[in-house]
Amino acid sequence: MEKKSDASMTPNEFIHALMDAAIAERASDIHIEPLSREIRIRFRIDGRLLEKETRPFHELEPVLNRIKVMANLDITTHNIPQDGHLEVEIPDIKLGQHDDPNFDTHDQRKRILDVRISIFPTVNGETAVMRLLNRAEMLIPLHELGFDPKSMQTMRKLITKSYGMLLITGPAGSGKTTTLYSILREIRSKEKNIMTLEDPVEYYLDDIRQSNVNPAGQGLTFESGMRSVLRQDPDIVMIGEIRDKDTAEYAIRAALTGRIMFSTVHSNTAIGTVARLIDMQIERSLIAYALNGVVAQRLVGKVCDSCKKEYTPDPALLHFLGMDDVKARFVKGAGCDICHGSGFRGRIGLFEVLEFDNNIRSLIVEGVPMNKLQEYIDQMGFKTIRQDATEKIIAGFTTVEEAVKVA
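Draft legend 1. Up close: the nonpolar core. Counting 40 residues, the largest nonpolar core has Met-165, Met-261 and Leu-291 as the members making the most contacts within it. In terms of residues, this core owes the most to one element, helix 6 (residues 245-256), which gives 5 residues. Among residues more than four places away in sequence, those in contact with Met-165 are Ile-242, Ala-251, Ile-252, Ala-255, Met-261, Ala-290, Leu-291, Asn-292 and Gly-293. Counting residues in hydrophobic clusters, the runner-up holds 31 residues, among them Ile-15, Ile-32, Val-63 and Val-88.

If you want it as structure tokens, here you go:
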């Protein structure tokens, strides 16, 4: 736990100091949590919640009221959830280095930190979570996400198809949106009309027409947006998420009529995405012939280079991953100031990349059970997330324990 902040700070100064610290430490979320006698401040860094400091309980209401004012929320309401957002400018020194020649640190859109606010009542008082969407940090080249050479080759093939759909799948927080932006960054061109429907637009890309869906506002939803965006003569359309049958059908039919479609779906595996679309009552033939492929992914912590050391993993965990007979130098982070004692610094993706072939399409149309479909792709040498995890463990990128959490 770090030293408490200066008690003489005003609520406004404290909030801005908190956001500055979160940006400097690469935090994705700030948690302000009322306990029975004090306030706890935690940052989520690389997927882990780390306690930063505690504050006197009497500071809770002034701080939350200031957050509510900044986010245009009701300061008189304390017993129902409230959601809002605010924007703050990021100092130049915190924008970092970028290899994108089109990245302009003077572009005000890219120097803005979008902060999503969630206020929720608890028995000890209201708790606040501030999600930091740093648009400057969404610029990750596709080849830096963690694909192995073979998967990277397949990805480049899938994203340069002349028509059809590619879906990115995984649970919440698995990096799906980052992968979508990396794909768009890779294929954007002044010769293509690329359009997006997002909730929300998290990073602005030049040469791309991006739109926020706002069902609570003017009524622009993924479904209604898909109906209209196709009249804009797009070559490529990215939909932030397919959530329902109608959106899925519009996207699939667009893919079948010559457009390139990218989107995300919540499921656990590549084959599970096919089952998810079937559950949405999408015709099997549409799924089979519209989809070019599916990418399933997870995120795991990268071992901190500054405190890396060898260790012996639990044999039971090695058995779970099928690594009983693997001879490797296993490493983990001992914990240091650079990684805040966690042993991890940054994250890397675990992937399974499934490209549809004619046999897969035929099996889907025939209605074979999903386990039979999985057996077929396994026989074709398909690499699962678990297998990708074992390779990254052997390469020293992550630990056995970290891989078991997600694999």
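Draft legend 2. Seen up close, the packing of helix 7 (residues 270-279) against helix 11 (residues 370-379). Taken N-terminus to C-terminus, the directions of helix 7 and helix 11 make an angle of 150 degrees; their axes are 10 Å apart at the nearest point. In terms of orientation, helix 7 and helix 11 fall into the roughly antiparallel class. Of the two possible hands of crossing, helix 7 and helix 11 adopt the one that is right-handed. Contacts between helix 7 and helix 11 involve Ile-271, Val-274, Ala-275 and Ile-278 from the first element and Met-370, Leu-373, Gln-374 and Ile-377 from the second. A breakdown of the residues in the contact of helix 7 with helix 11 according to their chemical character gives 7 nonpolar, 1 polar and no charged.

Draft legend 3. Spotlight on the sheet that holds strand 4 (residues 82-89). Spatially, the 6 strands line up as an open sheet ordered 3-2-1-6-5-4, and their pairing is antiparallel. Whereas interior strands pair on both sides, the edge strands pair on one side only; in this sheet they are strand 3 (48-56) and strand 4. Ignoring strand direction, the axes of neighbouring strands in this sheet form an average angle of 20 degrees. Relative to strand 3, strand 2 (residues 38-45) is paired through 8 bridges, and the arrangement is antiparallel. Note that in strand 3 the partner of Ile-45 across the bridge is Arg-48.

Draft legend 4. Main features of the environment of Asn-292. Residue placement: Asn-292 occurs in strand 12 (residues 291-303). Under the relative-accessibility criterion, Asn-292 is labelled buried at 9%. Taking the C-alpha atoms as reference points, Asn-292 and Glu-352, separated by 60 residues in sequence, lie 14 Å from one another. The contact partners of Asn-292, leaving out residues within four places of it in the chain, are Leu-158, Lys-161, Tyr-163, Gly-164, Met-165, Leu-354, Glu-355, Phe-356 and Arg-361.

Draft legend 5. Layout of the side chain of Gln-297. Within the element layout of this structure, Gln-297 appears in strand 12. In terms of polar contacts, Gln-297 uses its side chain to reach the backbone carbonyl oxygen of Ser-174, at 2.7 Å. Residues contacting Gln-297, with those up to four places away along its chain left out, are Ile-168, Thr-169, Gly-170, Pro-171, Ser-174, Gly-175, Lys-176, Thr-179, Leu-350, Phe-351 and Ile-385.

Draft legend 6. Here's a closer look at unusual backbone geometry. Not every positive phi belongs to a glycine, and Arg-26 is a case in point at roughly 65 degrees. One non-glycine residue, Asp-46, adopts positive backbone phi at about 55 degrees. Of note, Asp-46 is situated in the loop between strand 2 and strand 3. According to the relative accessible area criterion, Asp-46 is buried, its value standing at 12%.

Draft legend 7. Geometry of the packing of aromatic side chains. In total, this model carries 1 aromatic pair according to the counting rule given. For the pair Phe-147 and Phe-351, a centre-to-centre distance of 3.9 Å together with 20 degrees between the ring planes defines the contact as stacked. Highlighted residues: Phe-147 in the loop between strand 6 (125-134) and helix 3 (149-159) and Phe-351 in strand 15 (residues 344-355), separated in sequence by 204 residues. Residue classification places Phe-351 among the buried residues on the basis of a relative accessible area of 3%. Directly above the ring of Phe-344 sits Arg-48, whose terminal nitrogen or CZ lies 3.9 Å from the centroid. Directly above the aromatic system of Phe-14 lies the positively charged group of Arg-55, at a separation of 4.4 Å from the ring centroid.

Draft legend 8. Helix 1 (residues 11-24), seen in detail. Relative to the 20 Å expected for 14 residues at 1.5 Å per residue, helix 1 spans 20 Å between its end C-alpha atoms, a close match to the ideal helical length. Phe-14, Ile-15, Leu-18, Met-19, Ala-22 and Ile-23 are the residues of helix 1 that are buried. Looking one or two residues past helix 1, Arg-26 carries a phi angle of roughly 65 degrees, positive in sign.

Draft legend 9. Here's a closer look at the state of the cysteines. Counted according to the given criterion, the structure contains 0 disulfides. Left unpaired, Cys-336 is separated from the closest cysteine sulfur, that of Cys-339, by 3.7 Å.

Draft legend 10. Structural context of helix 10 (residues 358-366). Residues of helix 10 that are buried include every one of Ile-360, Arg-361, Leu-363 and Ile-364, and no others. Across the axial projection of helix 10, the buried residues extend over an arc of 165 degrees, all falling on one side. Exposed residues on helix 10 whose side chains face more than 90 degrees from its buried face are Asn-358 and Glu-366. Residues of helix 10 that are buried make contact with helix 7, helix 8 (284-290), strand 12, strand 15 and helix 11. N-cap assignment for helix 10: the residue whose side-chain oxygen lies 3.1 Å from the backbone N of Asn-359 is Asp-357. At the C-terminal side of helix 10, Gly-367 shows a positive phi close to 80 degrees.

Cut-offs and rules
- Residues numbered from 1 in each chain as written.
- Predicted model: local features only at pLDDT ≥ 70, side-chain atom pairs only at ≥ 80, totals over all residues.
- Heavy atoms only, no water.
- Core = buried A, V, L, I, M, F, W, Y, C linked by side-chain atoms within 4.5 Å.
- Buried < 20%, exposed > 50% of the residue type's maximum accessible area, 1.4 Å probe, protein only.
- Helix = DSSP H or I, 4+ residues; strand = E, 2+ residues; numbered from the N terminus.
- Contact = heavy atoms within 4.5 Å.
- Axes fitted to C-alpha atoms, helices over the stretch in contact; angles between N-to-C directions.
- Parallel < 35°, antiparallel > 145°, perpendicular 65-115°, else oblique.
- Left-handed = near helix turned anticlockwise from the far one by under 90°.
- Nonpolar A, V, L, I, M, F, W, Y, C, P; charged D, E, K, R; others polar.
- Pairing = 2+ DSSP bridges.
- Polar contact = N/O pair within 3.5 Å; in protein donor to acceptor, adjacent residues only side chain to side chain.
- Phe/Tyr/Trp six-rings, centres within 6.5 Å; stacked < 30°, edge-to-face > 60°.
- Lys NZ or Arg CZ within 6 Å of the ring centre and 35° of its normal.
- Expected span 1.5 Å × (residues − 1).
- Disulfide = S-S within 2.5 Å.
- Arc of directions from axis to C-beta.

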